[in-house]
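# Working through the structure, step by step
One-letter residues, chain by chain:
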Amino acid sequence: SSGINAEYGAPMQYVGSDTKLQDMINKLVPGLTDSESKRRNDFYANRGLSVPLNGNSSRPITPNSQDSEAAKFPPDDGRTWFHTNDVKISLCIEPVKKEPLIPHMPMKYIRCSMKLKVEHLTKYIKQKTLIPDDLELTCNKKTLSEDVTLENIWLDTWKRKEAPMTLFYNKKK
């Protein structure tokens, strides 16, 4: 074992309940859901605890409540932060020094997933700086392709130097 992590994925991210299997079991064993719900409610009642809620809904779990996608994810109110298990990278994003008319980013240091593509980072920079023109990103004086991930840039162009990885943006010529 070399100690090098070859896969940065998050295998537990894709684990979920199997509703088809649960439906088959409920048909094979009549009353199973009702008895499990009753035992669970009795368990919490005997200990003087309130029954936990189903996901983010405001009602207790009952035998007839359906586990839907809408109940798993709350509506985005703009303040919600989602955490992923992706490997993160620290970036320093600055305009090219020879262009004084290009606005600076409000926060030049950001931390994001290494799976982020240059295309998405360019859109983010355009939003924050309000530049209407197309942008190009460079790293070590090499123009970056739109479909390259930050992981590829860190490995190939940045050559695994110390963080933060510095990227420069400029108007496309």
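This text goes with the structure placed above it.
Presented here is an overview of the structure given in this document. Residue positions within a chain follow its written sequence, with the count starting from 1. Where local features are concerned, this predicted model is filtered to residues with pLDDT of at least 70; where side-chain atom pairs are given and counted, the filter is 80 or more; whole-chain, interface and lining totals use all residues. Working from all heavy atoms in the structure, the side-chain values ignore hydrogens and water.

## Quick word on the sheet that holds strand β4 (residues 142-143)
Selection criterion: When DSSP finds at least two bridges between two strands, those strands are taken to pair. A run of H or I in DSSP becomes a helix once it reaches four residues, and a run of E becomes a strand once it reaches two; helices and strands are each numbered from the N terminus. Any two residues having at least one pair of non-hydrogen atoms within 4.5 Å are treated as being in contact. Interaxial angle, 0 to 180 degrees, is taken between N-to-C directions of lines fitted to C-alpha atoms, where a helix line uses only the stretch in contact.
In spatial order, the strands read β2-β1-β5-β3-β4; together these five strands make up an open sheet with mixed pairing. With one partner strand each, in any of the chains shown, β2 (109-113) and β4 form the two edges of the open sheet. Where strand β3 (residues 135-139) meets β4, two bridges bridge the pair, whose relative direction is antiparallel. The partner of T138 across the bridge, within β4, is T143. Here helix α4 (residues 118-129) sits on the sheet in contact with β1 (88-95), β2, β3 and β5 (165-171), set at roughly 115° to β3.

## Topic: the environment of V51
For V51, the position within the fold is in the loop between α2 (32-46) and α3 (69-72). Once the C-alpha coordinates of V51 and R40 are considered, the two residues, eleven residues apart in sequence, prove to be 8.1 Å apart.

## Considering the pattern of salt bridges
The line we're drawing: The salt bridge definition used is simple: a Lys or Arg side-chain nitrogen within 4 Å of an Asp or Glu carboxyl oxygen. Burial classification: accessible surface area is computed with a 1.4 Å probe over protein chains only, and a residue below 20% of its type maximum counts as buried, one above 50% as exposed, and the rest as partly exposed.
Inspection of every chain in the model, using the stated rule, returns five salt bridges. E94 is the salt-bridge partner of K108, the closest N and O atoms lying 2.9 Å from each other. In this pair, K108 sits in the loop between β1 and β2 while E94 sits in strand β1, placing the two residues 14 residues apart along the sequence. On the basis of relative accessible area, K108 is assigned to the partly exposed category, the value being 32%. For D134, the salt bridge is made with K126, and the minimal N-O distance between the two is 3.7 Å.

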